[in-house]
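Okay, here's what each chain looks like letter by letter:
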Amino acid sequence: MTTPVASAANPGKTLGIVGLVLSIVSLQPFGLIVSIVGLVKSKKSGLGNGFALAGIIISVVGIIVVGIVIAVAVSAGVNLAAFCTEHGAGVFDNNGVTVTCGA
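Definitions and cut-offs
- Residues numbered from 1 in each chain as written.
- Predicted model: local features only at pLDDT ≥ 70, side-chain atom pairs only at ≥ 80, totals over all residues.
- Heavy atoms only, no water.
- Helix = DSSP H or I, 4+ residues; strand = E, 2+ residues; numbered from the N terminus.
- Buried < 20%, exposed > 50% of the residue type's maximum accessible area, 1.4 Å probe, protein only.
- Phe/Tyr/Trp six-rings, centres within 6.5 Å; stacked < 30°, edge-to-face > 60°.
- Patch = residues over 30% accessible without salt bridge, like charges linked within 9 Å, V, L, I, M, F, W, Y side chains within 5 Å.
- Areas by Shrake-Rupley, 256 points an atom, 1.4 Å probe, with all protein chains shown as cover.
- Salt bridge = Lys/Arg side-chain N within 4 Å of Asp/Glu carboxyl O.
- Axes fitted to C-alpha atoms, helices over the stretch in contact; angles between N-to-C directions.
- Parallel < 35°, antiparallel > 145°, perpendicular 65-115°, else oblique.
- Left-handed = near helix turned anticlockwise from the far one by under 90°.
- Contact = heavy atoms within 4.5 Å.
- Nonpolar A, V, L, I, M, F, W, Y, C, P; charged D, E, K, R; others polar.
- Pairing = 2+ DSSP bridges.

Peer 1: Explain the environment of Phe-30 to me, please; I cannot follow it from the model alone.
Peer 2: When you line up the elements, Phe-30 lands in helix 2 (residues 28-44). Judged by its relative accessible area of 51%, Phe-30 is exposed. Separated by 12 residues in the primary sequence, Phe-30 and Val-18 have C-alpha atoms spaced 9.7 Å apart.

Below is the structure:
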């Protein structure tokens, strides 16, 4: 009769799971850092870490999406400010969109 061999504990698995959760709950920068640390710990022990890899991927995609949203919002704000500077105070129709510029 053979006894089962205990598998080596993955030192980065817990960090990989935590990093994945952080990246899913919109804390991508923290999730990215924790996932990278978890992946490095796992690699040093010769093991893989799918949780950490998923956390890295989700974090990077999330950071890119947030960056794009911020860039679009800033661009829209700049365009609105330029429109109001050009037209002054009042209510205007800008290509079917009502724009109210303050005094």
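There's more to say after this.
Peer 1: Please clarify how the packing of aromatic side chains should be interpreted in this entry.
Peer 2: Following the criterion strictly, the structure yields 1 aromatic pair and no others. Relative to Phe-92, the ring of Phe-83 has its centre 5.9 Å away and its plane inclined at 80°; by these criteria the two rings are edge-to-face.

Peer 1: Teacher, can you tell me more about a nonpolar patch on the surface here?
Peer 2: A surface patch of nonpolar side chains, about 690 Å² in accessible area, is lined by Ile-17, Val-21, Ile-24, Val-25, Leu-27, Phe-30, Phe-51 and Ile-58. Elements that contribute at least two residues to the nonpolar patch include exactly helix 1 (13-24) and helix 3 (50-87). Counting residues per element, the nonpolar patch draws most heavily on helix 1, which supplies 3 residues. Note that Ile-24 resides in helix 1.

Peer 1: In this structure, what is going on with the packing of helix 1 against helix 2? I would like to understand it.
Peer 2: The angle between the axes and the distance between the axes are what describe a pair of packed helices. Following both chains from N to C, one finds helix 1 and helix 2 inclined at 160°, their axes separated by 7 Å at the closest point. Classified by the angle between their axes, helix 1 and helix 2 sit roughly antiparallel to one another. Crossing angle aside, the handedness with which helix 1 passes helix 2 is left-handed. Only Gln-28, Phe-30, Gly-31, Val-34, Ser-35, Val-37, Gly-38, Lys-41 and Ser-42 of helix 2 make contact with helix 1, whose side of the interface consists of Lys-13, Leu-15, Gly-16, Val-18, Gly-19, Leu-20, Leu-22 and Ser-23. Its residues placed into classes, the contact of helix 1 with helix 2 shows 7 nonpolar, 8 polar and 2 charged.

Peer 1: I tried to follow the pairing of strand 2 (residues 97-101) on my own but got confused; where do I start?
Peer 2: Every regular strand shows the same layout, with side chains that alternate between the two sheet faces. Looking at chain direction, strand 1 (residues 90-94) and strand 2 are connected through 5 bridges and run antiparallel. Bridging across to strand 2, Val-91 finds its partner in Thr-100.

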